[in-house]
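Commentary on secondary and tertiary structure
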Amino acid sequence: MNDLTVDSPEFLAGIRTRLAAEDVPPVVEEVLTPQARADLVAHIKHLLVEKDATLVAHYYVDSAIQELAEATGGYVSDSLDMARFGTECAASTLVVAGVRFMGETAKILNPEKRVLVPAREAECSLDLGCPAEAFSAFCDAHPERTVVVYANTSAAVKARADWVATSGIALDLVRHLARRGEKILWAPDQHLGAWIREETGADVLLWPGACVVHEGFKAATIKHLQVEHPDAQLLVHPESPAEVIAMADAVGSTTGLIAAAKRLPAMKFIVATDHGIFHKMSEAAPGKQFIEAPSIGRGATCVSCAHCPWMAMNGLAGIAHVLETGANEILIPEDIRARAVLPIRRLLDFARARKAQVLGNNDA
Ligand code: 13P
Ligand code: SF4
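Now for a quick tour of the structure.

A word on the overall build of the chain
- From N to C terminus, the chain includes 16 helices and 14 strands.
- Dimensions along the principal axes, computed over C-alpha positions, put the chain at roughly 55 × 55 × 55 Å.
- When the 364 residues of the chain are sorted by exposure, 56% land in the buried category.
- For the chain, long-range pairs separated by at least 24 residues make up 66% of all intrachain contacts whose partners lie at least 6 apart in sequence.

Now the structure itself:
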């Protein structure tokens, strides 16, 4: 915590804001024969219609789930856009293939809908490293600051926030708040927060959380890979450490990185984010080659191997199971939901206004 600007360490002492490697589950991919996979896909298609359900998936989940979502009128995107889609789709049940906070965000915005998640244990190290009670005490100690929390947090943490932000909108939002003279308390991802502070020049106080996947990317090993592939450009998600971000040809949210793969001239990219994104990147930029940035390794065993172990818990069998049984329904106490919805709505309204402004500028 030495290089953090947290100025009240007493609020953080004793809180597990960072997960140890042994707290991270191993990545276990779903293994199915081609026939079993085809049968399950057909079964889920039938169940989605029967249960009036729509499948919404994050870019990091298995490509079979992403394909199924798109083939059935569902959606694949980043966390901001998944939330937006959930509010616009007509189905009475949403199946959210991602991690728990994504299911919770869907439920917070759509209390009348049933929200199911294929894997109840699909957590996020950022969410786990930001317990609501301690976070609330931290906020209480800094009443002069506007509280902006990353979407990767629990409903209870969102309920304590003034704004929710995703990596796709965080820079614009913090710039906007700083222009109004506001000082920011940012949680939980310290690397993303530090990048925002650097880019915007805003006064940002950081909660010291981290993503176990992105924090594993190391500048030195990426440099070695760049020597092997001198023609490759580097794409980096801003949850990565500052020295990795500093090397990047493009830094952005998952959607931003897919757009960069398409836009940038290289035919080859080293990608510092979860390799689940390769499915959509290859679709967006056909013919281009994508190489995983090396992730932290201990002997032959990676901690994350550039793949989120919690995202990997989403499988076709789990989707079929929750649709058949109604298991893993996300339920949020109404008092928390009613408070958490306010900063999320602010985010969606801000994102909508920002998009309209950008489109207006392009038309002008
Ligand atoms: P995006 O909002 O960029 O999709 O990121 C979500 C996430 O969990 C990244 O690790
Ligand atoms: Fe959380 Fe990191 Fe997994 Fe994203 S990749 S869900 S930030 S643990």
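Thoughts on helix H3 (residues 63-71)
- The set of residues buried in H3 consists of Ala-64, Ile-65, Gln-66, Leu-68 and Ala-69.
- Where the residues of H3 are buried, they touch helix H2 (34-50), strand E1 (53-58), strand E2 (75-77), strand E3 (93-97), helix H14 (278-284) and helix H15 (316-325).
- A positive backbone phi angle near 80° is found at Gly-73, which sits one or two residues after H3.

What to know about the sheet that holds strand E10 (residues 250-251)
- A sheet is described by the order of its strands in space; here four strands give the open sequence E10-E9-E11-E12, paired in parallel fashion. In the strand order of this sheet, the two ends are held by E10 and strand E12 (289-292), each with one partner.
- Bridge analysis of strand E9 (residues 233-236) against E10 gives two bridges, and the strand direction is parallel. What sits directly across from Leu-235, in E10, is Ala-250.

As for unusual backbone geometry
- With an omega dihedral of -5°, the bond running from Ala-187 to Pro-188 counts as a cis peptide bond.
- Positive phi, close to 50°, is recorded for Asp-52, a residue that is not glycine.
- Looking at the element boundaries, Asp-52 is found in the loop between H2 and E1.
- Take Asp-52: its relative accessible area is 40%, and that puts it in the partly exposed class.
- A positive phi angle is found at Asn-328, which is not glycine, with a value near 60°.

A short note on the sheet that holds strand E7 (residues 184-187)
- On the basis of which strands lie adjacent, the open sheet formed by four strands has the order E6-E5-E7-E8 and parallel pairing. Each of the sheet's edge strands pairs with one partner strand only, and the pair in question is strand E6 (163-165) and strand E8 (204-206). For this sheet the average axis-to-axis angle between neighbouring strands, irrespective of direction, equals 30°.
- Alignment of strand E5 (residues 146-150) against E6, held across three bridges, turns out to be parallel.

Thoughts on the site of ligand 2
- Taken together, the neighbourhood of ligand 2 is formed by Tyr-60, Val-99, Cys-124, Ser-125, Leu-126, Asn-152, Cys-211, Val-213, Glu-239, Cys-308 and Trp-310.
- Across the shell around ligand 2, the residue classes break down as eight nonpolar, two polar and one charged.

A few points about the pattern of salt bridges
- Inspection of every chain in the model, using the stated rule, returns 21 salt bridges.
- Glu-182 is the salt-bridge partner of Arg-180, the closest N and O atoms lying 2.8 Å from each other.
- Ionic contacts of the salt-bridge type, sharing partners, join the residues Arg-100, Glu-104, Glu-123 and Asp-127 into one network.

So, the side chain of Ser-77
- Along the chain, Ser-77 turns up in strand E2.
- At 2.9 Å, the side chain of Ser-77 and the side chain of Asp-81 are in polar contact.

Calculation rules
- Every chain begins its residue count from 1, and numbering advances along the sequence as written.
- Each chain takes a letter, starting from A, and each ligand takes a number, starting from 1, following the order in which they are written.
- In keeping with the model being predicted, local features are shown solely for residues with a pLDDT of at least 70 and side-chain atom pairs are shown and tallied solely at 80 or more, while totals for entire chains, interfaces and linings include all residues.
- To get the side-chain values, all heavy atoms of the structure are used, and hydrogens and water are removed first.
- Each helix is a run of DSSP H or I of at least 4 residues and each strand a run of E of at least 2, with the numbering of both proceeding from the N terminus.
- Any residue under 20% of the maximum accessible area for its type is buried, any over 50% is exposed, and the rest in between are partly exposed; the area is computed with a 1.4 Å probe on protein chains only.
- Whether two residues are in contact is decided by their heavy atoms, any of which lying within 4.5 Å being enough.
- The criterion for strand pairing is that DSSP finds at least two bridges linking the strands in question.
- Fitting a line to C-alpha atoms yields each axis, with helices limited to the stretch in contact; the angle taken between N-to-C directions then spans 0 to 180 degrees.
- When we say a residue is near a molecule or strand, we mean one of its heavy atoms is within 4 Å of it.
- As a working rule, the residues Ala, Val, Leu, Ile, Met, Phe, Trp, Tyr, Cys and Pro are called nonpolar, Asp, Glu, Lys and Arg charged, and the rest polar, with Gly in that last group.
- Criterion for a salt bridge: a side-chain nitrogen of Lys or Arg within 4 Å of a carboxyl oxygen of Asp or Glu.
- Here a polar contact means two N or O atoms within 3.5 Å. Within protein one must be a hydrogen donor candidate and the other an acceptor candidate, and residues neighboring in sequence count only if both atoms are side-chain atoms.

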